[in-house]
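Breakdown of the fold
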Amino acid sequence: MRFMMIVKATTDSEAGVLPSPELLEAMHRYNEELARAGVLLGGDGLHPSSSAIRISYPEPGGKPKVVDGPFTEAKEMIAGYTLIEVKSREEAIEWALRMPDPHGFGQGQIELRQVFEVEDLTDNPEAIAKENALRQQLEEQRKA
Amino acid sequence: MRFMLIVRANGLSEAGILHTHRFEEGMAEYRKALAQAGKLLAAEELQPSSSGVRIRLTGRDASPEVCPGPFPLDHRLIAGYVVIEAETADEAVEWALKMPVPAGCEGSEVDVRELREWAQEDRNPRVLALEADLQEQVRMLNQMQKFL
Amino acid sequence: MTSSQTHRTIDAIWRIESPKLIAGLTRMVRDVGLAEDLAQDALVIALQRWPESGIPDNPGAWLMTAAKRRAIDLLRRNKLRDEKYAEMAQTTELYTEDDLERNMDGEIGDDLLRLIFMTCHPVLSQDARVALTLRLLCGLTTDEIARSFLTAESTIAQRIVRAKRTLSSRKVPFEVPEGEELQERLSAVLEVIYLMFNEGYSATTGDHWLRPLLCQEALRLGRVLAEIAPEEPEVHGLVALMEIQSSRFKTRVSASGEPVLLMDQNRTQWDRLLIRRGLAALERCRKLGRPLGPYALQAAISACHAQAPAAADTDWARIAALYEALSRVAPSPIVELNRAVAISMAFGPAFGLQLVDELMHEPALTEYHLLPSVRGDLLAKLGRMDEARSEFERAAAMTRNSREQQLLLKRAAECGGSPN
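Residues numbered from 1 in each chain as written. Chains lettered and ligands numbered in written order. Predicted model: local features only at pLDDT ≥ 70, side-chain atom pairs only at ≥ 80, totals over all residues. Heavy atoms only, no water.

The next point concerns the domain arrangement of chain C. Residues and elements named next belong to chain C. Looking at chain C, the domain boundaries give domain 1 (1-106), domain 2 (108-229) and domain 3 (241-304). Taking only C-alpha atoms, the centre of domain 2 and the centre of domain 3 are 22 Å apart. With 17 residues of domain 2 at the interface, the matching set in domain 3 holds 13 residues. Each partner contributes to the roughly 1300 Å² buried at the junction of domain 2 and domain 3, and carbon and sulfur atoms together form 61% of this total. Put simply, domain 2 and domain 3 have two salt bridges between them. The closest approach of N and O atoms between Arg284 and Glu227, which form a salt bridge, is 3.5 Å. Summed over the shared surface of domain 2 and domain 3, the number is four residue pairs in polar contact (both at pLDDT 80 or more). Only helix H10 (180-202) and helix H11 (210-228) provide two or more residues apiece to the side of domain 2 that touches domain 3. (Domains from an automatic or database assignment. Contact = heavy atoms within 4.5 Å. Buried area = accessible area lost by both parts, 1.4 Å probe. Salt bridge = Lys/Arg side-chain N within 4 Å of Asp/Glu carboxyl O. Polar contact = N/O pair within 3.5 Å; in protein donor to acceptor, adjacent residues only side chain to side chain. Helix = DSSP H or I, 4+ residues; strand = E, 2+ residues; numbered from the N terminus.)

As C-alpha cells, this is what we get:
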C-alpha cells in the first residue's frame, strides 16, 4: 500500500526561508534510508504559496474563480511530500516517525495519508468481499 | 541429502503384536538421537496391512482393481519408515545400523534409499517473461488488419 | 497504546529492521541460522518489554544491542546452549568474543549485499534460494511464503532449515564475490529476484492478496539492491523491467479474473509513477556507459510498450532492433521468435517469415512447439492457409499443455480446408 507523507507549510517555509544545512543533511540521510529500504517511490518540495494559484468554484455550476497566492493559513497548506510503498499502515507510521522534524521550531507537522490505488477504485463488491474475508482470516491466523 | 530407511513388515508386525517395552524405549531413544543431531525429518509406523487397501492401476482403459488387505507377507510389504537428512550415504547407513531391532524379528530388513531431490529444472524467469511477451506479440500480430 | 497496537507496531519495526539485523549479526557470528535465532531472541525480548516500557527512540539499535548481548552471553556461558548450537559449533568455525567486537561495526549496506549473495548462493537449490531470501531479506513468515507459492507451510519451513544447514555445512562465506565470480553470482541473485517477481506476476491462480506481495517484495528488494550495488548496470536493468511490468499489474487481469492482453489493456490505468521510475532506472543503467545486458534490454522493450499511447502507436522497428541486440547478448530461439514477430509488425509478415524459416533448419529447435506456432501465424497472415494449418497442427502435436493444444487446433481449424 502507498502512503503520502505530507509536510505541512510553516511561516518559515511560506517566507521562503531555506532549511538549515543540518536539517537538509538529516533529510538527505532520511531519504537515503528510505531508498535503501526499498520503500521510497518519490517526493518533492513545493515553492511557497506566493507563487501559487488557487482555482475555486464558489458557486455550484458557476465559473471558476482564480486567485493568486500567497495564501494566509500556513498550516493548511503543504510544503512538500514523500511517497512510500509499505506493507502495512503501522509500517507507514513507523517511517513517518523517523522523518526529521521538518522545521524544528514547534510548527513541524507531518500528515500521513493512504493513496488510492486502482483496486480501491474498482467497485466490484464480490472482489472486495473476498479480499476482506481473506484479510480477516489472515488476521485471525496471526492472533492464533 | 535425504534418505528413507524403510523397515520391512514381518509376521509380528502384520499380526499386530505390540512391541516390548524395551524396544519402544529403544526406538524413542533412537528418534531422540536423530532429532538432537538435527537429522530426523519424519518417522512413522504403519498399521498392519489388514487395514490397508491395494489398488492395482491396470492401465488407461480398464478401471483400477481395488483389493482390501491383508496382503501376502512378501518382500513388498513395509511396516514403517524413517526419513533422515545425512551428508553422505555412509552416514545414512550408519544411522540405519543403529536402529533397534524388536525381539523376535532378528531376520528383519531395513532398506536405505536416497530420496530424489526436487528434480524440477531450474526455471529461468527471463525466458518465461520472453515467452509471455511472445504470446502478447503474436496476438497483436493476429489483430493487425492489413499488411503492406 | 493498547498491547495489540504495540504488537502491530513491533511487527512493522521488525519488517524494517530484521534484514539489517540479521545481516549485521551474520557478519559477527558467521552463521546465518544462528544470526536469525539471535535476532529472533531480541524480538522476543522486545515483545515482552516494549508493551510496558514503550517503544525506544531507536528501535533498530535497541534490537541490535539486545541480540549482541545474547551472542555474548552465549559465548561466555561457554557451555553451549543446546544441541542445535553444539551441532553448529562442529560445522562452523568457532568465533571468539574478540571477533565479535572487531566485527561489530561495518557498513550496513555491505552487510545486506553479503547476505543476499549468501541466500542466493549456488550451493542451494533454486527453490531454497527463493524461500531463504524471502525469509531473511524480506522478513516474510513461512506461512506467507507457503501461501504465495501454494505449498504446505511445513515444506517451506523444512526447505529453509535445510538451506541454512547447507550454507553452514558447506562453509559458504559471508562476502561479496570478486573478480570473474562476481558477474556469475550477481546473475544468480538477479534470477532469484526476478523469479520471485514472475511467480507473483505471471500466475493467475492462487491467493490474490499474497501473489502481488511477491511482486512487491521482489521490486522492493531490487530497489534495495540498486542502492547498495549502484555500479552494476543489470541491477538497474532488472529494476526497470520490474517497475514497468508492475505499472500494468492492475490492468492485466479483468474484474472476473481473466487475463487481459497488452493490446486490450486500458492504458490510462497504467501506473504512470512506476513507468517513470522504470524509465529512470533504465536511464541510470545507460549512464553507467556499458553495453546493455539482457535485463536492461528486456526493460527497454517493455518501455516501448509503456510509452505508446495506444497499441497501434507501438514503435515496432525499435522493438525489433532491441530484440536483435538481445539476440547478441543472450541468444536463444525464443528471442529470435520474438524478433521475427516484431519484424513482422514493423515491416510485414514476409520479413518475419524469412527469419523463422532460417530457424527451421536449427536441429536444437525440432521439438520447440512455439516455432511452428509462430510460423503458422505468419503464414496465415500472408494468406497461405494450407501451410498455416499444417504448422498449427504440427505445433499442437508437440505441446504437452492441453489448453495450448486446444487453442492451436482451433487456430488450425480456422485456416479452413481439411485436416492433414
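Here the focus is the interface of chain B and chain C. With 32 residues of chain B in contact, the opposing surface of chain C contributes 45 residues. For the pairing of chain B and chain C, the buried interface totals around 3800 Å² over both sides, and the portion due to carbon and sulfur atoms is 59%. Linking chain B with chain C are one salt bridge. Between Arg162 of chain C and Glu85 of chain B there is a salt bridge, with its nearest N and O atoms 2.9 Å apart. For the pair chain B and chain C, the interface holds 12 residue pairs in polar contact (both at pLDDT 80 or more). Among the elements that take part in the side of chain B that touches chain C, helix H4 (residues 125-143) of chain B stands out by supplying 17 residues, more than any other.

So, about unusual backbone geometry. Cis geometry is adopted by the peptide bond preceding Pro70 of chain A, which originates at Gly69 of chain A and carries an omega value of 0 degrees. Mapping Pro70 of chain A onto the fold places it in the loop between strand E4 (65-68) and strand E5 (78-85). A cis geometry characterises the amide bond from Gly69 of chain B onward to Pro70 of chain B, with omega recorded as 0 degrees. Mapped onto the fold, Pro70 of chain B is located in the loop between strand E4 (65-68) and strand E5 (78-85). Even without being glycine, Arg30 of chain C reaches a positive phi, approximately 60 degrees. You can call Arg30 of chain C partly exposed: its relative accessible area is 32%. Even without glycine at this site, Lys171 of chain C takes up a positive phi of about 50 degrees. Of note, Lys171 of chain C is situated in the loop between helix H9 (153-169) and H10. (Buried < 20%, exposed > 50% of the residue type's maximum accessible area, 1.4 Å probe, protein only.)

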